[in-house]
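Residue strings, one per chain:
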Amino acid sequence: VQLQASGGGLVQAGGSLRLSCAASGRTFSSHTMGWFRQAPGKEREFVAGITWNGGNTYYADSVKGRFTISRDNAKNTVFLQMNSLKPDDTAVYYCARRKWENYSGSSLSDDYDYWGQGTEVTVSS
């Protein structure tokens, strides 16, 4: 399984970005997916998750109402739409695959087994 994240960049505060994560492998549609981020000097933190069928989504309190996670199982891709970006959102964003098929979302990084390479998001004030 390989995960390829893209879509990061430099944006002004209040702007928007859409991250994508393309997955290889035949079992993408059976796994919950998540987005995490790591800012310089900080621990990696959970951002958002979506169950294998897209029926449930989960968000960190810091991004609720501003970020939206979605997925297209036909294209093996998960997305993170980020609106109203703030300088505090500056980080490297990682997509990850939840361990075990058909499991619900989790905010714990130890519950994810495959990780993308990360895409950098910088929000200027």
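Refer to the structure presented above.
Throughout this description, residue numbers start from 1 for each chain and increase along the sequence as written. Where local features are concerned, this predicted model is filtered to residues with pLDDT of at least 70; where side-chain atom pairs are given and counted, the filter is 80 or more; whole-chain, interface and lining totals use all residues. Processing note: side-chain calculations cover all non-hydrogen atoms of the structure and skip hydrogens and water entirely.

### Regarding the state of the cysteines
Two cysteines whose sulfur atoms are joined by a covalent bond form what is called a disulfide. Two cysteine sulfurs form a disulfide in these notes if their separation is within 2.5 Å. One pass over the full model with this rule turns up one disulfide. Residue pairing for Cys21: its cysteine sulfur links by disulfide to Cys95, the two sulfurs lying 2.1 Å apart. Looking down the S-S bond of the Cys21 and Cys95 bridge, the torsion is 65 degrees, so its handedness is right-handed. Placement of Cys21 in strand S3 (residues 17-23) and of Cys95 in strand S9 (residues 91-98) is noted, with a sequence separation of 74 residues between them. Across this residue pair, the class does not change: Cys21 and Cys95 are buried. Put simply, DSSP H or I for four residues or longer makes a helix, DSSP E for two residues or longer makes a strand, and each gets a number counted from the N terminus. Note on exposure labels: buried denotes an accessible area under 20% of the residue type's maximum, exposed denotes more than 50%, and partly exposed covers the range between, all computed with a 1.4 Å probe on protein chains only.

### Regarding the packing of aromatic side chains
Here a Phe, Tyr or Trp ring, Trp counted by its six-membered ring, pairs with any other such ring whose centre lies within 6.5 Å, and the pair is stacked when the planes are under 30 degrees apart, edge-to-face when over 60, and tilted otherwise. All told, the structure shown has five aromatic pairs when counted by the stated rule. Arranged with centres 5.0 Å apart and planes meeting at 80 degrees, the rings of Phe36 and Tyr112 form a pair that is edge-to-face. Pair noted here: Phe36 is in strand S4 (residues 33-38) and Tyr112 is in strand S10 (residues 112-115), with a separation of 76 residues, a long-range link. By the burial criterion, Phe36 is buried, and Tyr112 matches it.

### Points about the side chain of Thr32
When you line up the elements, Thr32 lands in the loop between S3 and S4. Two residues qualify as a contact provided that any one of their heavy atoms is within 4.5 Å of a heavy atom in the partner residue. Those residues in contact with Thr32, other than ones at most four positions away along the chain, are Ile50, Thr51, Trp52, Arg71, Ala96, Arg97, Arg98, Tyr103, Ser104 and Gly105.

### A closer look at the environment of Phe46
Tracing the chain through its elements places Phe46 in strand S5 (residues 45-50). Along the sequence, Phe46 and Tyr93 sit 47 residues apart, while their C-alpha atoms lie 9.8 Å from each other. For Phe46, the contacting residues outside a window of four places in its chain are Trp35, Phe36, Tyr58, Tyr59, Ala60, Ser106, Ser107 and Tyr112.

### A short note on empty space enclosed by the protein
Think of a 1 Å grid over just the protein atoms. A cavity is a set of points where a 1.4 Å probe fits yet cannot get out, a pocket is an open set with protein on both sides within 12 Å along at least five of seven lines, and lining residues have an atom within 4 Å of a point. Grid points are joined across faces, edges and corners, and a volume is the space filled by probe spheres set on the points. The final tally for this structure, using the stated rule, is one cavity of 30 Å³ or more. Of the pockets and cavities examined, the largest cavity occupies roughly 30 Å³. Forming the boundary of the largest cavity are Val1, Ala23, Ser24, Thr27, Phe28, Met33 and Arg97. Of the residues belonging to the lining of the largest cavity, the class tally is four nonpolar, two polar and one charged. Under the convention adopted here, Pro, Cys and the residues Ala, Val, Leu, Ile, Met, Phe, Trp and Tyr are nonpolar, Asp, Glu, Lys and Arg are charged, and Gly plus all remaining residues are polar.

### A short note on the sheet that holds S3
Should DSSP find at least two bridges between two strands, the strands are regarded as paired. Overall, antiparallel pairing links the four strands, which are arranged S1-S3-S8-S7 in an open sheet. The open sheet has two free edges, formed respectively by strand S1 (3-6) and strand S7 (67-72), since each of these has just one partner strand. For this sheet, the mean inter-axis angle between neighbouring strands, taken without regard to orientation, is 15 degrees. The convention used is that axes are lines fitted to C-alpha atoms, helices contributing only their stretch in contact, and that angles between N-to-C directions extend from 0 to 180 degrees.

### Here's the deal with unusual backbone geometry
For Ser84, which is not glycine, the phi dihedral falls at a positive 50 degrees. With respect to the element layout, Ser84 can be found in the loop between strand S8 (77-82) and S9. Of the residues examined, Ser84 reaches a relative accessible area of 41% and is grouped as partly exposed.

### Thoughts on the pairing of strand S11 (residues 119-124)
Along S11, the buried face is formed by Thr119, Val121 and Val123; none of Glu120, Thr122 and Ser124, which line the opposite face, is buried. Across four bridges, the pairing between strand S2 (residues 9-12) and S11 is parallel. In the sheet register, Gly9 faces S11, and the bridge partner there is Val121. Pairing between S9 and S11: three bridges, direction antiparallel.

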